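# Chains, contacts and geometry: an overview
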Amino acid sequence: MGWATLLLQVLELHAYIRQYHILQGVSFDVREGEVTVVLGRNGAGKTTTLRSVLGLTRIGRGEIRLDGLSLVGWRPHEIARLGVGYVPEDRGIFTQLTVEENLQVAERNRGNLRQRSGRIFDLFPDLYRFRHRRAGLLSGGQQQMLAIARVMVNPNRLLLVDEPSKGLAPILVRNVGEALREVAREATVVLVEQNLALAAHAGDRYVIIDDGRSVREGPMAEIAMDRQLQRVYLGVTERNGGLRALPWARR
Amino acid sequence: MGAPVTIPLLVNLFLNGLVLGTLFFLIASGLSLIFGLMSVLNLAHAGLFTWGAYVGLAVFNATGSLPLALVAGAAAGAALGAVMEVGFIRPLYGNHTFQILLTLGLFLVLNELLQLVWGPSLISFGVPAWARTTISILGMPFATYRLVVLLLGGAVFAAVYVILGRSRLGIVVRAGVGNAEMVQALGVNIQRVFTVVFVLGGALAALGGAAAGPFFRVVWPQMGAEVQLAAFIVVVIGGLGSVTGSAVGSLLVGLSQAFVGYFFPAGALIVNVGLMALVLLIRPQGLFAPGR
Ligand SMILES: Nc1ncnc2c1ncn2[C@@H]1O[C@H](COP(=O)(O)OP(=O)(O)OP(=O)(O)O)[C@@H](O)[C@H]1O
Ligand SMILES: [Mg+2]
């Protein structure tokens, strides 16, 4: 098979929020067509890493390449228009707009939405039912679905998805997992996920970020077997259930 | 007050209040959107009102055409709005202290420049004969020009409402009022949207000024400053970022100014500030949600 194409390369990235030096050396590769899971404790810098790829944080040093093209210095909307979709941690729903208008804002080229709305609404029948309702009135789970639906409005090469299962009931976590599998069929995905079961289920490879630095990367199966790794970098113990959840892992 | 309170008097005060409300609306809608979308408290905004009035007067004197005066006033406001956003405010998004200093400075500069061109004293606006006429509706006389201003205000409100509600630009603006960063992350050049909103807001404020000249029959350098406070009260009452709120708030403030100003001249400002305080107490976010 040879080497898989690297769609995204992050090299020795340093990023700042105001005067704070948040990322202090993050490097990882994302292979085309795969799901790369970003793991790490609370406050490790996972969200900042995704935001940096999209140009939403100030980068001091380092390199981000999408298909070989350096993204450093590009503005967020320009990066998005290269085919990068974003599902932020707080979901970024426009609560005053209707569900349909939320999708319209996302339309990068006229006709995209009309072409793809059938598939979106097939996958998320609730969104179809509530398409004229104000998005702020949706439940948390429905808002998460809307945030995922919004990236499906356009064809994307790379999707950045930040903790889609956060705050959702287990049944909804499964729906999110299915939705992610659907979007991953046509794009490469970088997924931040604390739910190790979902991560193991969806992910092909992982990268661990700890204290603003990437400390390890490898195939997802590796972490499923390595309790030491889980304990040291993810704070997972047998008591809090991380390991028990792992038999879900595919590999 | 000597004069008896008659129905025609009340009707006239009512009409006056609506016209004032229209002028307030033309300033406040831009102010509100600029604040809602960019979090910029634009203290220079009312300077564009004054400029609109003077440019309108100059063009009217040159051409004799009121419609042309209104268009020219609005165009001047649009151009100044663009210069203000691109040249001055753009580097300072997110920095509220500097923005306040900067926009206050811009307001003073606009005012000084205006006086350099037209001088410090008031200039009378010799409106055309048709604008002095009255038309009779249900047996009562109505000043034609006031009706024209009302129609203009209604048309502007309808246009803004439809643009915000239906157009791609409007949807993006409303989304941006909620979460500008996310709009950008979805591939929209929000910077350009900011400029457009400054241009449109500037055009509306200056249109208000151009329309105000023939209403007051005089223009003066402080006319913007004098409506600025009312406009801010309107924005707070109506809700930041809501154009419908601006419209409703403007009419409230305009009417109260007309009636209270007539019966208790000293109380007009107090009543409006009191209205604002009441809204702040009961519904601090304003009467209407941001968006339309
Ligand atoms: N606006 C901010 N100002 C100052 N520090 C911030 C800000 N946002 C994030 N940080 C800090 O940056 C670090 C990384 O934050 P980030 O949100 O990237 O972490 P994370 O790995 O996504 O965490 P979580 O699992 O809680 O989402 C944290 O220590 C956080 O305190
Ligand atoms: Mg995070």
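To be clear, the structure that these remarks concern was listed above.
This text gives an overview of the structure that appears in the document.

With that out of the way, let us pick up the coordination of the magnesium ion (ligand 2). Residue and element names in this part refer to chain A. Every protein donor of the magnesium ion (ligand 2) is accounted for by Thr 47 (OG1) and Glu 89 (OE), and the metal-donor separations fall at 1.9 to 2.5 Å. Of this pair, Thr 47 sits in helix H1 (residues 46–53) while Glu 89 sits in the loop between strand S6 (84–87) and helix H3 (99–106), and the two are 42 residues apart along the sequence. Since its relative accessible area comes to 22%, Thr 47 is described here as partly exposed. Since its relative accessible area comes to 26%, Glu 89 is described here as partly exposed.

Let's shift gears to the nonpolar core. In summary, soluble globular proteins display a tendency toward joint burial of nonpolar side chains. Membership of the largest hydrophobic core comes to 162 residues, with the highest contact counts inside it found for Leu8(A), Leu39(A), Phe124(A), Leu127(A), Leu158(A) and Leu160(A). Aside from chain neighbours lying at most four places away, what touches Leu160(A) is Leu50(A), Val53(A), Leu54(A), Val84(A), Gly85(A), Tyr86(A), Val87(A) and Val190(A).

Residues and elements named next belong to chain A. Ordered in space as S6-S7-S8-S3-S9-S10, the six strands form an open sheet in which the pairing is mixed. Each edge of the sheet is formed by a strand with only one pairing partner; in this case those strands are S6 and strand S10 (213–219). Within this sheet the neighbouring strands show an average axis-to-axis angle of 15°, counted without direction. As paired strands, strand S7 (residues 158–162) and strand S8 (residues 188–192) are joined by five bridges and run parallel to one another. By the bridge assignment, Leu 160 is partnered in S8 with Val 190. Across the sheet, H1 lies against strand S3 (35–39), S6, S7, S8 and strand S9 (205–210), angled at about 150° from S7, the strand it touches most. Of the strands in this sheet, S3, S9 and S10 touch helix H10 (residues 227–234), which is tilted by about 40° from S9.

Here the focus is helix H7 (residues 168–185) of chain B. Residues and elements named next belong to chain B. The end-to-end C-alpha distance of H7 is 16 Å, clearly below the 26 Å that 18 residues give at a rise of 1.5 Å each. At Asn 179, H7 shows its maximal kink, close to 125°. Of all the residues in H7, the buried ones are Gly 170, Ile 171, Val 172, Val 173, Arg 174, Ala 175, Gly 176, Val 177, Met 182, Val 183, Gln 184 and Ala 185. Within two residues after H7, Gly 187 carries a phi angle of roughly 105°, on the positive side.

The next subject is the sheet that holds strand S1 (residues 6–17) of chain A. Strand pairing in a sheet relies on backbone hydrogen bonds, with the paired strands running either antiparallel or parallel. Judged by pairing direction, the sheet is antiparallel, and its four strands sit side by side in the order S2-S1-S4-S5 (chain A) without closing on themselves. Taken across any chain shown, the strands that pair with only one partner, and hence form the sheet edges, are strand S2 (20–31) and strand S5 (69–70) of chain A.

Residue and element names in this part refer to chain A. Taken together, 15 residues form the shell around ligand 1, and within it Gly 43, Lys 46, Thr 47, Thr 48 and Glu 89 come nearest. At 3.1 Å, a side-chain N or O of Asn 42 approaches an oxygen atom of ligand 1. Ala 44 is positioned with one of its backbone polar atoms (N or O) 3.2 Å from an oxygen atom of ligand 1. Within the complex, the protein chains bury 64% of what would otherwise be the 630 Å² of accessible surface of ligand 1. Contributions of two or more residues to the shell around ligand 1 are made by S2 and H1. Element by element, the count of residues in the shell around ligand 1 is highest for H1, at three residues. Here the shell around ligand 1 is composed, by residue class, of four nonpolar, six polar and five charged.

The next thing to look at is the packing of aromatic side chains. By convention here, two paired aromatic rings are described through the distance between centres and the angle between planes. Overall, the coordinates contain 10 aromatic pairs over all chains when judged by the stated rule. Look at Phe216(B) and Trp220(B): their rings are 5.6 Å apart centre to centre, the planes differ by 70°, and that puts the pair in the edge-to-face class. With a relative accessible area of 31%, Phe216(B) lands in the partly exposed category. Each residue in the set Phe25(B), Phe157(B) and Tyr161(B) is aromatic and connected to the rest through ring pairs, giving one cluster. Directly above the ring of Tyr128(A) sits Arg131(A), whose terminal nitrogen or CZ lies 4.0 Å from the centroid.

Residue and element names in this part refer to chain A. Across the five residues of S8, five count as buried, placing the element largely inside the fold. Sheet analysis places S3 next to S8, joined by four bridges and oriented parallel. Bridge assignment links Val 37 to a residue of S8, and that residue is Leu 191. On the question of chirality, the crossover connecting S7 to the parallel S8 by way of helix H7 (residues 170–184) is right-handed.

This part takes up the pattern of salt bridges. Taken as a whole and assessed by the stated rule, the structure comprises 13 salt bridges over all chains. A salt bridge links Glu181(B) to Arg51(A); its shortest N-O distance comes to 2.7 Å. One end of the pair, Glu181(B), is in helix H7; the other, Arg51(A), is in helix H1, on a second chain. Here Asp67(A) ties to Arg157(A) by a salt bridge, and the two come within 3.0 Å at their closest N and O atoms. Here Asp67(A) is found in the loop between strand S4 (58–66) and S5, whereas its partner Arg157(A) is found in the loop between helix H6 (140–151) and S7, with 90 residues between them in sequence. Among the residues examined, Asp67(A) registers a relative accessible area of 40% and is labelled partly exposed. Residue classification places Arg157(A) among the partly exposed residues on the basis of a relative accessible area of 32%. Here the salt bridges share partners, and the residues they tie into one network are Arg116(A), Arg119(A), Glu182(A), Arg185(A) and Glu186(A).

Residue and element names in this part refer to chain B. Tracing the backbone through its elements, the reader meets Asn 42 in the loop between helix H1 (7–38) and helix H2 (45–63). Within polar-contact distance, the side chain of Asn 42 engages the backbone nitrogen of Ala 44 at 3.1 Å. What Asn 42 contacts, discounting residues up to four positions off in sequence, is Leu 31, Ile 34, Met 84, Thr 103, Phe 198 and Phe 232.

Our next topic: the packing of H2(B) against helix H8 (residues 190–216) of chain B. Residues and elements named next belong to chain B. Two numbers describe how H2 lies on H8: the axes approach to 6 Å, and their chain directions differ by 50°. In terms of their interaxial angle, H2 and H8 are classed as oblique. Where H2 crosses over H8, the two elements pack in a sense that is right-handed. Between H2 and H8, the contacting residues are His 45, Leu 48, Phe 49, Gly 52, Ala 53 and Gly 56 on the first element and Gly 201, Gly 202, Ala 205, Ala 206, Gly 208, Gly 209, Ala 210 and Ala 212 on the second. The class makeup of the residues in the contact of H2 with H8 is seven nonpolar, seven polar and no charged.

Quick notes on the rules
Residues numbered from 1 in each chain as written. Chains lettered and ligands numbered in written order. Predicted model: local features only at pLDDT ≥ 70, side-chain atom pairs only at ≥ 80, totals over all residues. Heavy atoms only, no water. Donors = N, O, S within 2.8 Å, 3.2 Å for Na, K, Ca; no water. Helix = DSSP H or I, 4+ residues; strand = E, 2+ residues; numbered from the N terminus. Buried < 20%, exposed > 50% of the residue type's maximum accessible area, 1.4 Å probe, protein only. Core = buried A, V, L, I, M, F, W, Y, C linked by side-chain atoms within 4.5 Å. Contact = heavy atoms within 4.5 Å. Pairing = 2+ DSSP bridges. Axes fitted to C-alpha atoms, helices over the stretch in contact; angles between N-to-C directions. Expected span 1.5 Å × (residues − 1). Bend = angle between axes of the 7 residues up to and from the residue. Near = heavy atom within 4 Å. Polar contact = N/O pair within 3.5 Å; in protein donor to acceptor, adjacent residues only side chain to side chain. Areas by Shrake-Rupley, 256 points an atom, 1.4 Å probe, with all protein chains shown as cover. Nonpolar A, V, L, I, M, F, W, Y, C, P; charged D, E, K, R; others polar. Phe/Tyr/Trp six-rings, centres within 6.5 Å; stacked < 30°, edge-to-face > 60°. Lys NZ or Arg CZ within 6 Å of the ring centre and 35° of its normal. Right-handed = clockwise from strand over helix to strand, strands pointing away. Salt bridge = Lys/Arg side-chain N within 4 Å of Asp/Glu carboxyl O. Parallel < 35°, antiparallel > 145°, perpendicular 65-115°, else oblique. Left-handed = near helix turned anticlockwise from the far one by under 90°.

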